Amino acid sequence: MKRALLGLLLVAAVPAAWAQSSAYTGVGRSATPKEVAAWDIDVRPDFKGLPKGAGSVAKGQDVWEGKCAQCHGIFGESGEVFSPLVGGTTADDIKTGHVARLNDRAYPGRTTLMKVATVSTLWDYINRAMPWTAPKSLSTEEVYAVTAFLLNLGGVVPENFTLSDQNIAEVQKRMPNRNGMTLDHNLWPGKGLTTGAKADTRNIACMKDCVTEASIASALPEHARNAHGNLAEQNRAVGAQHGADTTKPAGAPVPRELAPKPVEPAKSGTSGAPMALLNKNSCTACHGMDSKLVGPSFKDIAKKYGSGADAEAYLAGKIRSGGVGVWGQIPMPAQTLSEADARAVAQWLKSGAPK
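Conventions adopted
Residues numbered from 1 in each chain as written. Predicted model: local features only at pLDDT ≥ 70, side-chain atom pairs only at ≥ 80, totals over all residues. Heavy atoms only, no water. Core = buried A, V, L, I, M, F, W, Y, C linked by side-chain atoms within 4.5 Å. Buried < 20%, exposed > 50% of the residue type's maximum accessible area, 1.4 Å probe, protein only. Helix = DSSP H or I, 4+ residues; strand = E, 2+ residues; numbered from the N terminus. Contact = heavy atoms within 4.5 Å. Expected span 1.5 Å × (residues − 1). pLDDT = per-residue confidence, 0-100. Patch = residues over 30% accessible without salt bridge, like charges linked within 9 Å, V, L, I, M, F, W, Y side chains within 5 Å. Areas by Shrake-Rupley, 256 points an atom, 1.4 Å probe, with all protein chains shown as cover. Salt bridge = Lys/Arg side-chain N within 4 Å of Asp/Glu carboxyl O. Phe/Tyr/Trp six-rings, centres within 6.5 Å; stacked < 30°, edge-to-face > 60°. Lys NZ or Arg CZ within 6 Å of the ring centre and 35° of its normal. Axes fitted to C-alpha atoms, helices over the stretch in contact; angles between N-to-C directions. Parallel < 35°, antiparallel > 145°, perpendicular 65-115°, else oblique. Left-handed = near helix turned anticlockwise from the far one by under 90°. Nonpolar A, V, L, I, M, F, W, Y, C, P; charged D, E, K, R; others polar.

**Things to note about the nonpolar core**
Then step 1. Counting residues in hydrophobic clusters, the biggest one holds 34 residues, and the most contacted among them are Trp 64, Leu 151 and Val 171.
Then step 2. Elements with a minimum of two residues in this core: α3 (57-67), α7 (119-129), α8 (140-153) and α9 (168-172).
Then step 3. Ranked by residue count, the leading element in this core is α8, at seven residues.
Then step 4. Discounting chain neighbours no more than four positions away, the residues touching Leu 151 are Leu 113, Val 119, Leu 122, Val 156, Val 157, Val 171 and Met 175.
Then step 5. Formed by 19 residues, the second largest nonpolar core is a distinct cluster that contains Leu 277, Ile 301, Ala 316 and Trp 348.

Next up, the structure:
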């Protein structure tokens, strides 16, 4: 009797938010307001969802040089992996809201500030996805500051500017491509989000002489083959797509043995522990075991530094600080793993990167 009474009291004490959802009986519970707030971080073009705060261009430069420049360049020019963020816009573009060079086919490439129409897009993406190695780690002030610095590089705001939730709407009026976005595609729902005629979603405009079978294909220009190493060696071993063997002419079959072998899970007392650290810290996203991906292979690193007397200390420091120039112009961002973990990986590399 006491046990049954205690059970009733416990059920009565459970908050409504923790009760099972009526829509799906027996499955999960309703999210709490705090849980919803943690995920509800998007910022709309009308700035709904933008948190209160501010950040100066000067502060943004400090954050940029410490956390952004290693991938995107000191002036937003980026390297050979990431597309440039800044460039291609003029003072006239800021006045008109149309980037003239978007219609210039001779202009090399398209930068972010040439294409993006809303400053909320910059703020939102930086907030949720940057830095690449530690997304969502920037404070609200840092996001405002980095956005301000990026806009300053593009000539949208002056050097002494402080971007905030109070003045961001005014900054929007100076975005170089703010008038370059069309609403005539009828793809956005909601009143006021389209200017074109009603879309033909019922396919009644033309239903004759239709193509019976579509052929979809892709091609790799000859001059681009093997530009970044053999693609067949860089794809995963699972799935239908294994990449072209770019060391051979187009059309040559891809040998199955070229597909990368999966990294074995950690085993106590073996090289499995370093392997687990490589996977945990996403090292394998840029480095292959035997072949170059974005960066050099682990075997090449071990061969270059393994015989050095100070190899372990040097490699551990390089892992944590990052760098560029030793293996090319593609930068390696500073890694956030602990000194002990960096030492473990360095020891493994010094011993020859055994599998």
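**Concerning α8**
Then step 1. End to end, α8 covers 20 Å across 14 residues, agreeing with the expected 20 Å (1.5 Å per residue, within 8%).
Then step 2. A large share of α8 lies buried, amounting to 11 of its 14 residues.
Then step 3. Within α8, burial applies to Glu 142, Val 143, Tyr 144, Ala 145, Val 146, Thr 147, Ala 148, Phe 149, Leu 150, Leu 151 and Asn 152.
Then step 4. Next to the buried residues of α8 lie β1 (54-56), α3, α6 (112-115), α7, β2 (162-164) and α9.
Then step 5. Count one or two residues on from α8 and you reach Gly 155, which has phi positive near 75°.

**Let's talk about the confidence of the model for the chain**
Then step 1. On average, residues of the chain score 80 in pLDDT, and 78% of them are at 70 or above.
Then step 2. Contacts for the low-pLDDT stretch residues 1-21, under 50 throughout, to residues beyond four places or in other chains number 14 contacts.

**What to know about a nonpolar patch on the surface**
Then step 1. Taken together, the side chains of Tyr 314, Val 326 and Trp 327 make up a nonpolar region of the molecular surface, amounting to roughly 280 Å² of accessible area.
Then step 2. Residue position: Val 326 is located in the loop between α12 (311-321) and α13 (339-350).
Then step 3. For Val 326, a relative accessible area of 42% puts it in the partly exposed group.

**Quick look at α7**
Then step 1. Most of α7 is tucked away: eight of the 11 residues are buried.
Then step 2. Inspection of α7 places Val 119, Ser 120, Leu 122, Trp 123, Asp 124, Ile 126, Asn 127 and Ala 129 among the buried residues, and these make up the whole buried set.
Then step 3. Packed against the buried residues of α7 are α6, α8 and α9.

**Re the packing of aromatic side chains**
Then step 1. Tallying each qualifying case throughout the model produces five aromatic pairs.
Then step 2. Measuring from centroid to centroid gives 5.4 Å for Phe 82 and Trp 132, while their planes differ by 80°, and the two rings are edge-to-face. Of this pair, Phe 82 sits in the loop between α4 (69-72) and α5 (91-96) while Trp 132 sits in the loop between α7 and α8, and the two are 50 residues apart along the sequence.
Then step 3. Judged by its relative accessible area of 47%, Trp 132 falls in the partly exposed class.
Then step 4. Ring geometry for Trp 123 against Tyr 144: centres 5.3 Å apart, planes inclined by 70°, an arrangement best described as edge-to-face. Here Trp 123, found in helix α7, pairs with Tyr 144, found in helix α8; they are 21 residues apart in sequence, far enough to count as distant. The residues Trp 123 and Tyr 144 share a single accessibility class, namely buried.
Then step 5. Between the NZ or CZ atom of Lys 136 and the centre of the ring of Trp 39, over which it lies, the distance is 5.3 Å.
Then step 6. Here Lys 304 stacks its cationic end above the ring of Trp 327, 5.5 Å away from the centre of that ring.

**A short note on the packing of α7 against α8**
Then step 1. Running from N to C, α7 and α8 point in directions that differ by 130°, and their axes come no closer than 9 Å. Viewed along their axes, α7 and α8 adopt a mutual orientation that is oblique. Considering only the axes of α7 and α8, their crossing is right-handed. On the side of α7, the interface is formed by Val 119, Leu 122, Trp 123, Ile 126 and Asn 127, while α8 contributes Thr 140, Val 143, Tyr 144, Val 146, Thr 147, Leu 150 and Leu 151.
Then step 2. Residues that form the contact of α7 with α8 fall into these classes: nine nonpolar, three polar and no charged.

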